[in-house]
Amino acid sequence: MEQFHVAIDGPAGSGKSTISQNVSNETGWQHIDTGAMYRAVTYWALKLNLNLADENSYEFLNKIDIKYLNNKVFINDIDLSSVIRSDDVTQNVSLVSKFSFVRKKLVEIQQNLAKNKNIIMDGRDIGTVVLPNANLKIFLTANIKVRAKRRYNEKLNNGQNVNLDELINNINTRDKKDSSRIESPLKIADDAVIIDTTYLSIRQVVEKIIEMIERRRK
Ligand code: DC
């Protein structure tokens, strides 16, 4: 049977990564979290102390090796998965990901990862740019308070100090930047199925997606 590509897009906190990972566990298909790649590039640029606002700074991408393997992201074979969720990276990743030079590099890697494979890929531009011919496109949404509360609980569980209002502000700012950038902004693909996860459990969303995959594979 031909390969099956699932594209899952949506704003911060809409449940993309958790839901994609659950769909991946059920189908046995690889999950690729493209946000992790933008975060890894941001981490690296911060580490190199570069001027993040200058597109020329990202020429270092021509000299490094970025890999995504077994749900982990690597630069030059260093596993960055545990350092890419820091506040510093989160606050700067929308700036880094607006540059077309950065996007071109990462989109190429993402398209190669999807070649000849069944895949579940999540991000902001998967259904619109990375996999425009995906067999199933999902756009996840949820109300801002619910999205912020999810992040709040995640951070509390990790023992981090958090303020809910601050999180709401940060998520709103990031969504605005991600949706208003010129280069492949966060937007709903014309042929995407929109799922509002505000009042749904993870399980309910996963079941809906699995049903859609089964229907489309028949
Ligand atoms: O999914 P996430 O919150 O880890 O993503 C971090 C940032 O990366 C997000 O704010 C915008 C950017 N991103 C992007 O521009 N395109 C993608 N396909 C995935 C993420």
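What this report covers is the structure whose coordinates are included nearby.

1. Side note on the packing of helix α3 (residues 87–96) against helix α7 (residues 164–180)
Look at α3 against α7: their axes get within 9 Å of each other, and the N-to-C directions meet at 20 degrees. Taken together, the axis directions place α3 and α7 in an arrangement best described as roughly parallel. For the crossing formed where α3 meets α7, the hand is left-handed. Listed contacts from α7 to Thr 90, Val 93 and Ser 94 of α3 are Arg 174, Lys 177 and Asp 178.

2. What to know about helix α2 (residues 34–47)
Given a rise of 1.5 Å per residue, 14 residues ought to cover 20 Å, and the 20 Å separating the end C-alpha atoms of α2 matches this to within 8%. In terms of burial, α2 is largely enclosed, as ten of its 14 residues are buried. Thr 34, Ala 36, Met 37, Tyr 38, Arg 39, Ala 40, Val 41, Thr 42, Trp 44 and Ala 45 are the residues of α2 that are buried. Its side-chain oxygen at 3.1 Å from the backbone nitrogen of Gly 35, Asp 33 defines the N-terminal cap of α2.

3. Re the sheet that holds strand β5 (residues 78–79)
Reading across from one edge, β3-β4-β5 is the order of the three strands in this open sheet, with antiparallel pairing throughout. Looking along the sheet, the strands with just one partner apiece sit at the ends: β3 (66–69) and β5. In this sheet, β5 lies alongside strand β4 (residues 72–75) in antiparallel orientation, the contact comprising two bridges. For Phe 74, the partnering residue across the bridge sits in β5 and is Asp 79. Sitting on the sheet, α2 touches β3, β4 and β5, and the angle it makes with β4 is about 35 degrees.

What counts and how
Residues numbered from 1 in each chain as written. Predicted model: local features only at pLDDT ≥ 70, side-chain atom pairs only at ≥ 80, totals over all residues. Heavy atoms only, no water. Axes fitted to C-alpha atoms, helices over the stretch in contact; angles between N-to-C directions. Helix = DSSP H or I, 4+ residues; strand = E, 2+ residues; numbered from the N terminus. Parallel < 35°, antiparallel > 145°, perpendicular 65-115°, else oblique. Left-handed = near helix turned anticlockwise from the far one by under 90°. Contact = heavy atoms within 4.5 Å. Expected span 1.5 Å × (residues − 1). Buried < 20%, exposed > 50% of the residue type's maximum accessible area, 1.4 Å probe, protein only. Polar contact = N/O pair within 3.5 Å; in protein donor to acceptor, adjacent residues only side chain to side chain. Pairing = 2+ DSSP bridges.

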